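# A look at the structure
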Amino acid sequence: MNKQLIQLYDYNVWANERVMDHLDTLPSEVFLREVDLGFKSIAEVVSHLVSADNIWLNRIKEEQVSTFAKKAFTDLKEARQEMDELQSQIRDYVSSLTDSEKKVSYTMASGRQMENSIAEILQHVVNHGTYHRGNITTMLRSFGYQGVMTDYLVFLMK
């Protein structure tokens, strides 16, 4: 029942891992280098992704969501460890789902009450990740580095 949803989330994990692997090949200072492109650094983008995914996991599990302060990662290794642990938790949860169409209610940071299915929320998580991996590519290009291919069809070809 959840095969397509699991595949979609696996794509998200694969794409994040490709970006982190690529960042690991670059000088370590690139991760923290400041830039004026919406986020102040790649580290800040990764922190945003981890914080947001953590909030969404709590929402779909219908657990209390406290305001998560974004963690200021000091290096790529620390960021990757946190991202890997969280992605593993989300993957385990998605794999255990018996009803991905179950509606969950939650409150946005703005105070607005929302209700979406778990499948819709996971689609959002994947789209959100795609958007911010694009931010990272833009930052890398501004530093004179190439990005890495993370297209869904490339994932399917692997």
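One can find the structure itself at the top, above this paragraph.
Quick notes on the rules
Residues numbered from 1 in each chain as written. Predicted model: local features only at pLDDT ≥ 70, side-chain atom pairs only at ≥ 80, totals over all residues. Heavy atoms only, no water. Buried < 20%, exposed > 50% of the residue type's maximum accessible area, 1.4 Å probe, protein only. Helix = DSSP H or I, 4+ residues; strand = E, 2+ residues; numbered from the N terminus. Pairing = 2+ DSSP bridges. Phe/Tyr/Trp six-rings, centres within 6.5 Å; stacked < 30°, edge-to-face > 60°. Lys NZ or Arg CZ within 6 Å of the ring centre and 35° of its normal. Salt bridge = Lys/Arg side-chain N within 4 Å of Asp/Glu carboxyl O.

Along strand β1 (residues 103-107), the buried face is formed by Val104 and Tyr106; none of Lys103, Ser105 and Thr107, which line the opposite face, is buried. Taken together, the 5 bridges between β1 and strand β2 (residues 113-117) define a ladder with antiparallel strand orientation. For Lys103, the partnering residue across the bridge sits in β2 and is Ser117. The antiparallel hairpin formed by β1 and β2 contains 5 residues in its connecting segment, where Gly111 sits at a positive phi of about 100°.

Turning our eyes to something else, we now look at the packing of aromatic side chains. For the coordinates displayed, the defined rule picks out 6 aromatic pairs. For the pair Trp14 and Phe155, a centre-to-centre distance of 5.5 Å together with 55° between the ring planes defines the contact as tilted. A residue pair is termed long-range when its members are at least 10 positions apart, and Trp14 in helix α1 (residues 3-25) and Phe155 in helix α5 (residues 152-157) qualify at 141 residues. What makes Trp14 buried here is its relative accessible area of 12%. On the accessibility criterion, Phe155 (7% relative accessible area) is buried. Among the aromatic side chains, those forming a connected cluster through ring pairs are Tyr11, Trp14, Tyr152 and Phe155. Of note, Arg59 hangs over the ring of Trp56, and the distance from its end group to the ring centre comes to 4.6 Å.

Let us now look at the pattern of salt bridges. Under the criterion given, the structure shown has 9 salt bridges. Note that Lys71 and Glu82 form a salt bridge whose closest N and O atoms lie 3.0 Å from each other. Of this pair, Lys71 sits in the loop between α2 (42-60) and α3 (76-96) while Glu82 sits in helix α3, placing them 11 residues apart in sequence. Classification of Lys71 by relative accessible area gives partly exposed; the value is 36%. Looking at Glu82, the relative accessible area reads 28%, which means it is partly exposed. Residue Glu120 pairs with Lys103 through a salt bridge whose shortest N-O separation is 3.9 Å. One end of the pair, Glu120, is in helix α4 (residues 118-142); the other, Lys103, is in strand β1, and 17 residues separate them in sequence.

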